[in-house]
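Given next are the chains, with one letter for each unit.
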Amino acid sequence: MHTYASPKAEEKFTALLNSPKSTIYIDTCFCQADNDPPAIGLEFLLAQKDAILRSGKRIIVIHYVAEELRRKQSQGHCWAHEALNTILRNTDIFEVRKKSDIEKELDTSVNKCFADEALRRIAIADASRGYQPALLTADYGCALAVATNVYSSVIFILDRVTAGTPTVRRMPEFMERFKGLYAIEYLPGLFSRADIVLTSSALRRKEFTMFLKLLKRITVQGEKLPVYIHESSLRKTTHLPALFQELMPHLHLVPNSSYTDEFSWMQASFAPRSSGRDIVIIGSAYALATLKEKLDNAKNFHTNRRVDYIKYCQIAPLGTLKGIQSLNHSTSRPNTVSVENLLSAADEELPAGTAVPDIIEAAHKGNTRAMGVLSSMYEHGYAVRQSSTMAFLWKERRDAITARRKQHKQQAANPNPSLLSRFKYFVADVDCYIKRTLTQLVLIK
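These numbers come from a predicted model, not from an experiment.

**Some points on the overall build of the chain**
For the chain, the count of helices and strands is 20 helices and 12 strands. Of all 445 residues assigned to the chain, the portion counted as buried reaches 47%. Restricting the contact set of the chain to residue pairs at least 6 apart, pairs at least 24 apart contribute 71%. For the chain, the accessible surface area stands at approximately 23200 Å², while carbon and sulfur atoms represent 53% of it.

What follows is the structure in structure tokens.
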């Protein structure tokens, strides 16, 4: 019988059922059927029903997920109707929860993110209370948001991309399969029609190593890839991955020549170019916004002929290329370098946002200063979505850790009273014994 899941996913799901600290949530899209029933995600859970019953756990359907299913049902989606019926017929393994405080807070939020953002915040709240949250989803953006905020979380992806039949996989397994598919099928097609320009801001991104790993999969001995870097870009980067030196023979390093910086090189080389090959410039959204404005002004002088289309991208967390919508939406050409929609919404596009994952990681590791910073960021909406609930959660956790450390210091400075008392009694006994012995010696003499 088809189990609808990879062996690794089944094994981990069973382990979670046997863990007293696990909480398992389901996302709306995990219930979705591609064409005709059955919905693979729900079939996977029903196949595990006996194990779920033995564990005493239930799969949690938060209020926002239930509301999304009802909304989809009212819009005529048959799969949503079937999903709701399945959940309501199996209340012994599903738990539809009332609206939580986190969801109530999102009701008043300017950013109407609904289920995805609620699941992210609930996972953080669970981890902060010592639980291990798990998420069943088909949305890679939602999965990534939870995984990067809660390092102890377990994510199951309903993989509709890398195989003919949708299959439930663990997130690391899905990532590896997707990167292989991306490198083998997508990158060669991109390189056949476009030249890739790496700016200094691309070289500084932490995802740059992941991009190099994808390039390594398709390199051929003695052949160069259509990837260009200017010498001035390298000078602005202090710590390049070791893999970069290994791949240098396959890349085009452009010498300074008469161009003293990467912008003047790009302006002269690409703004007026009409070779029939498109250009993909990679960097941070912040740096590329300024670059685009300058290059757009340069292109205005060459309206008498077809200028090669320039697309602006950043490196997504898996090393794949993600078009920056705000810089590409005004063009008339179709989005030729767009990755699958499931790779959207991964990174913060603000410069300050690049530090957010590091702050969250430090906070999860017990750094109280990072917890305080994170609390303030959630409260004031700096590079993360504003949330007084999450701000209070991190402040509460910071205060608890600070109090615990203070208590440990006091205990180290002051010996245990009971131990001290026992030591005093021991000294008194020894003193009494010595005095008694001396008295006896005097009497004998």
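Back to the write-up after that little detour.
**What to know about the packing of aromatic side chains**
For the coordinates displayed, the defined rule picks out eight aromatic pairs. Taking 4.8 Å as the distance between ring centres and 35° as the angle between the ring planes, the aromatic pair formed by Tyr 182 and Tyr 186 counts as tilted. In this pair, Tyr 182 and Tyr 186 are both assigned in helix H9 (residues 171-193), four residues apart and thus about one turn of the helix distant. Just as Tyr 182 is buried, Tyr 186 falls in that class too. Aromatic rings pair up to connect Tyr 140, Phe 174, Phe 178, Tyr 182 and Tyr 186 into one cluster. A cation sits over an aromatic face here: Lys 21 above Tyr 131, 4.8 Å from the ring centre. The ring of Phe 263 has Lys 294 sitting right over it, with the charged end atom 5.0 Å from the ring centre.

**Some words on the pairing of strand E1 (residues 22-26)**
Burial analysis of E1 places five of its five residues in the buried class, which makes it a mostly covered element. The alternating pattern of E1 places Ser 22, Ile 24 and Ile 26 and Thr 23 and Tyr 25 on opposite faces, both of which are buried. With five bridges joining them, E1 and strand E4 (residues 132-137) adopt parallel strand pairing. Counted as the bridge partner of Ile 26 is Leu 136 from E4.

**Some points on the packing of helix H7 (residues 115-128) against helix H8 (residues 140-149)**
With their axes 9 Å apart at the nearest point, H7 and H8 run at an angle of 20° to one another. As far as their axial angle goes, H8 and H7 are roughly parallel. Relative to H8, H7 is oriented so that their crossing is right-handed. Each of Asp 116, Leu 119, Arg 120, Ala 123 and Ile 124 in H7 lies in contact with H8, whose residues at this interface are Cys 142, Ala 145, Val 146 and Asn 149. Of the residues contributing to the contact of H7 with H8, the split by class is six nonpolar, one polar and two charged.

**Overview of the nonpolar core**
In terms of nonpolar packing, the biggest core is built from 109 residues, with Phe 13, Ile 26 and Leu 136 touching the most fellow members. When residues of this core are assigned to their parent elements, the largest contribution, nine residues, is made by H9. Leaving out residues up to four positions away in the same chain, Phe 13 has contacts with Ile 24, Phe 44, Leu 45, Gln 48, Ile 52, Ile 59, Leu 136 and Phe 156. Membership of the second largest hydrophobic core comes to 16 residues, among which are Val 254, Ala 271, Ala 285 and Leu 327.

**A few points about empty space enclosed by the protein**
In total, this model carries two cavities of 30 Å³ or more according to the counting rule given. Looking at the largest cavity, its volume works out to about 60 Å³. Forming the walls of the largest cavity are Tyr 25, Leu 119, Ala 123, Pro 133, Ala 134, Leu 135, Val 146, Ser 153 and Ile 155. With three residues, E4 is the largest single contributor of residues to the lining of the largest cavity. For the lining of the largest cavity, the class distribution of residues is eight nonpolar, one polar and no charged.

**Side note on the sheet that holds strand E11 (residues 310-315)**
Ordered by their spatial adjacency, six strands build an open sheet running E9-E8-E7-E10-E11-E12, and the pairing between neighbours is mixed. Of all strands in the sheet, those with a lone pairing partner are strand E9 (252-254) and strand E12 (321-323), marking the two edges. On average, adjacent strands in this sheet sit at an angle of 35° to one another, irrespective of strand direction. Taken together, the four bridges between strand E10 (residues 278-282) and E11 define a ladder with parallel strand orientation. Bridged to Val 280 within E11 is Lys 311. Each of strand E7 (194-198), strand E8 (227-230), E10 and E12 is contacted by H9, which is oriented at about 100° to E7, the strand it contacts most.

Scoring rules and cut-offs
- Residues numbered from 1 in each chain as written.
- Predicted model: local features only at pLDDT ≥ 70, side-chain atom pairs only at ≥ 80, totals over all residues.
- Heavy atoms only, no water.
- Helix = DSSP H or I, 4+ residues; strand = E, 2+ residues; numbered from the N terminus.
- Buried < 20%, exposed > 50% of the residue type's maximum accessible area, 1.4 Å probe, protein only.
- Contact = heavy atoms within 4.5 Å.
- Areas by Shrake-Rupley, 256 points an atom, 1.4 Å probe, with all protein chains shown as cover.
- Phe/Tyr/Trp six-rings, centres within 6.5 Å; stacked < 30°, edge-to-face > 60°.
- Lys NZ or Arg CZ within 6 Å of the ring centre and 35° of its normal.
- Pairing = 2+ DSSP bridges.
- Axes fitted to C-alpha atoms, helices over the stretch in contact; angles between N-to-C directions.
- Parallel < 35°, antiparallel > 145°, perpendicular 65-115°, else oblique.
- Left-handed = near helix turned anticlockwise from the far one by under 90°.
- Nonpolar A, V, L, I, M, F, W, Y, C, P; charged D, E, K, R; others polar.
- Core = buried A, V, L, I, M, F, W, Y, C linked by side-chain atoms within 4.5 Å.
- 1 Å grid on protein atoms, 1.4 Å probe; cavity = no way out; pocket = protein on both sides within 12 Å on 5 of 7 lines; lining within 4 Å.
- Points joined across faces, edges and corners; volume = space filled by probe spheres on them.

Taken by themselves, the reported measurements are silent on function.
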